[in-house]
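Analysis of the macromolecular model
As a plain string of letters, each chain reads:
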Amino acid sequence: MKKVTVDLKPQEEMVGVLEKMLEHRRAHPKARADELYYELLVTYHTRLKSAKEHGKKLIGHTIVVPTELIFAMDMWPMHLEGSSMTLAPVLGNFEEIFSTAKAFGMAPEICSAHRCLAALFLKGWAPPVDAVIWSNQVCDNTSKSGDLLMELYDVPGMFLDRPYRLNDKEVGYFTDELETMVELLERVGGHKLDPERLRETMEVSRYTLELCKEVYELRKAVPTPALNRRSIQIMFINWLFMGDPVAIPFIEAVRDECKEMVDKGVGAVPQENYRIISLFLPPLRDMRLLDWMHKEHGASIVADPYGSHWGDFTWDLSQPLLTLSHKSFASPICRQMHGPVEEGVVEDSVNDAINHKAEGAIYWAHIGCRQGCATIKVVKDALSERVGIPTLVMDIDILDPTFVSEEELKDKLEGFFEILEDRR
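In what follows, the accompanying structure is described. It should be emphasised that the depicted structure is a prediction, and the values quoted were computed from it without experimental measurement.

Some remarks on the side chain of Q233
The residue Q233 is located in helix α11 (residues 230-241) in this model. A distance of 2.8 Å separates the side chain of Q233 from the side chain of R230, its partner in a polar contact. Not counting chain neighbours up to four residues away, the residues in contact with Q233 comprise Y37, F250 and M287.

This is the structure we're talking about:
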């Protein structure tokens, strides 16, 4: 395969748009978290396009690969799905991106995030990485993402194989996989991993998860204190920055704004009409749909187990790789989508619906996700039988805007809100 010519102009254009969005929020301040969120996006993508200038190795990685190890090696991580899910919506060049993927032979049934990811590298719009680490976390699309990138950019890489079941043997196996990841990073970086630096990144992660759990607990309040887009923002920032202290002020700001509202007994919107549990990922191409649900209908997303529900595990900084292995099994999305389903997404969905006092559920059925869509019926039945709430199944594509129109989505949601109203 012919190597691509790198063209970072789209990256520069994206950063320019993000900077304008940040300027708008500074000029029209509403919540400190809004400003901090866009500051982080600007910081992240500025890093990517300037890595070589700063003498930093750039490590491409897929979702849930432990970035603590990359930061500890004084390298910069490039979240492959996250980069694609930012550039396309910000620049609005969906047609060009998906046409490139189609011409390469990628069918529309393949997850749009991964079609977009491949197109970025095929067109040379992605910063040149020094290595690629990909995994089977959380889906079969992810497990096939790395080979193409290694070939296009002629760089080393590894497949990080994480077992699906949670037991001591499988945790030990994945710990060995992380040791292999460290060996790759050491070869690429030309130096050994500093145990003290790893301890620092692990401390950041530990505190980050404490904040995330605190926010999730605060969302139980009636009315809920969190905007509908907040959980997606936290999830996304965790994907990009886990282990980097630069992201801490944003999550602290979300925690503080939620706590202040709970203390005052007020919610994120003046009138909360419906409490919704959100299942899987909503259309990430434009979160204004979530804003519309909140502002126009008082429909609050009070829980989202796929994005925000962390499992419990013990932090042991004397065994950092073992701890990172446990953390992987506790991570949102992985925890829910790796089987067995009765112990993952079903229990989390039922418990979250009860604990967060949900009146209904929305399951975002992303056409490109076989794993996510496979669990719809069992989760829907469990919520109906064990909690007594209805579930709306929304057929969507998380990135491709041509799959279903915004008007269709709103019509279906309004019909569901009418059902919830009639149940009272």
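A few points about the packing of aromatic side chains
Counting across every chain of the model gives twelve aromatic pairs. Pairing W134 with F159 gives two aromatic rings, centres 6.2 Å apart and planes at 55 degrees, and the pair type is tilted. Linking W134 in strand β3 (residues 131-135) with F159 in strand β4 (residues 157-160), this pair joins segments that are 25 residues apart in sequence. According to the relative accessible area criterion, W134 is buried, its value standing at 5%.

Looking at unusual backbone geometry
With the exception of glycine, most residues fall at negative phi, and the peptide bonds are largely trans. Here V222 and P223 are connected by a cis peptide whose omega angle stands at 0 degrees. With respect to the secondary-structure elements, P223 resides in the loop between α10 (195-218) and α11. Phi at K357 is positive, roughly 55 degrees, even though this residue is not glycine. Summarising the element assignment, K357 is placed in the loop between α17 (345-355) and β7 (360-366).

Looking at the nonpolar core
Ranked by size, the top nonpolar core spans 123 residues in total, and within it I97, F121, F250, M293 and L413 carry the most contacts. If near-sequence neighbours (up to four positions away) are discounted, F121 is found in contact with V4, M78, L80, A126, L149, L152 and Y153. With 26 residues, the next largest nonpolar core counts L69, L184, V188 and L321 among its residues.

What about the pattern of salt bridges?
Should their charged atoms come close, side chains of opposite charge can pair. All told, the structure shown has 32 salt bridges when counted by the stated rule. Of the charged contacts, one joins K259 and D263 as a salt bridge, the two residues approaching to 3.3 Å between their closest N and O atoms. Highlighted residues: K259 and D263, both in helix α12 (residues 248-264), separated by four residues, approximately one helical turn. The partner of D381 in a salt bridge is K377, with the nearest N and O atoms 2.6 Å apart. Residue D381 and its partner K377 are located together in helix α19 (residues 376-387), separated by four residues, close to a single helical turn.

The rules behind these values
Residues numbered from 1 in each chain as written. Predicted model: local features only at pLDDT ≥ 70, side-chain atom pairs only at ≥ 80, totals over all residues. Heavy atoms only, no water. Helix = DSSP H or I, 4+ residues; strand = E, 2+ residues; numbered from the N terminus. Polar contact = N/O pair within 3.5 Å; in protein donor to acceptor, adjacent residues only side chain to side chain. Contact = heavy atoms within 4.5 Å. Phe/Tyr/Trp six-rings, centres within 6.5 Å; stacked < 30°, edge-to-face > 60°. Buried < 20%, exposed > 50% of the residue type's maximum accessible area, 1.4 Å probe, protein only. Core = buried A, V, L, I, M, F, W, Y, C linked by side-chain atoms within 4.5 Å. Salt bridge = Lys/Arg side-chain N within 4 Å of Asp/Glu carboxyl O.

Scope: geometric values only; no functional claims are made or implied.
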